Amino acid sequence: MKTHKSPLMLSLLVLMAAIGCATTPEQIPEQAQAVKVNDYPTRDRVEYVLNCVAQHGGLTFITQYACGCKIDKIAEKLSFAEYEAAKTFSMLKSTPGEAGGVFRDPQQSKDLRKQLKEAEANAEKQCFVK
């Protein structure tokens, strides 16, 4: 009985190794894109959805789904590092005086805030049915 299992197991291992090695270079960028979309920590996704739901009149199935869709669409446009920096710049740009200038004035701040605003507007159009 053991003699029958060994060739079968060996065949399965060879087949699995062959399939695993069959990745083509064209597939790698697609796989990297999937990692980029999924680089947002769960805590930050949930926080975004809860804030979005509150801004859209409270928790319903529709707002929960649409807000989840919205953060997914934003994640397609911005990496988490870009999103986090843009969110930080947006929150702190209203700090008065010179201290706020650090968050308002740099070109990076303006660019990231613009990208976030555009990504949110695009996501709003795609995810909320009016």
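What you are looking at is a predicted structure, and each value in this text was computed from that prediction instead of being measured. (Residues numbered from 1 in each chain as written. Predicted model: local features only at pLDDT ≥ 70, side-chain atom pairs only at ≥ 80, totals over all residues. Heavy atoms only, no water.)

(A) Region of the structure containing the overall build of the chain. Each helix and strand in the chain was counted, giving 7 helices and 0 strands. Listed N to C, the secondary structure of the chain is α-α-α-α-α-α-α in terms of helices and strands. Within the chain, the fraction of its 130 residues that count as buried is 25%. Taking contacts inside the chain between residues at least 6 apart in sequence as the whole, the part at least 24 apart equals 60%. Here the chain displays about 9400 Å² of accessible surface, and carbon together with sulfur accounts for 63% of that area. (Helix = DSSP H or I, 4+ residues; strand = E, 2+ residues; numbered from the N terminus. Buried < 20%, exposed > 50% of the residue type's maximum accessible area, 1.4 Å probe, protein only. Contact = heavy atoms within 4.5 Å. Areas by Shrake-Rupley, 256 points an atom, 1.4 Å probe, with all protein chains shown as cover.)

(B) Main features of the packing of helix α4 (residues 61–77) against helix α7 (residues 107–127). One way to put it is that α4 packs onto α7 with a least axis distance of 8 Å and a crossing angle of 135 degrees. As far as their axial angle goes, α7 and α4 are oblique. Two packed elements cross with a definite hand, and for α4 against α7 that hand is right-handed. Contacts between α4 and α7 pair A66, C69, K70, K73, I74 and K77 from the former with L116, A119, E120, N122, A123, E124, Q126 and C127 from the latter. Classifying every residue of the contact of α4 with α7 by side-chain character gives 7 nonpolar, 2 polar and 5 charged. (Axes fitted to C-alpha atoms, helices over the stretch in contact; angles between N-to-C directions. Parallel < 35°, antiparallel > 145°, perpendicular 65-115°, else oblique. Left-handed = near helix turned anticlockwise from the far one by under 90°. Nonpolar A, V, L, I, M, F, W, Y, C, P; charged D, E, K, R; others polar.)

(C) A look at the packing of helix α3 (residues 42–55) against α4. Two numbers describe how α3 lies on α4: the axes approach to 9 Å, and their chain directions differ by 130 degrees. Between α3 and α4, the interaxial angle falls into the category oblique. Crossing of α3 against α4: the hand is right-handed. Each of R45, Y48, V49, C52 and V53 in α3 lies in contact with α4, whose residues at this interface are T63, Q64, C67, G68, K70, I71, D72, I74 and A75.

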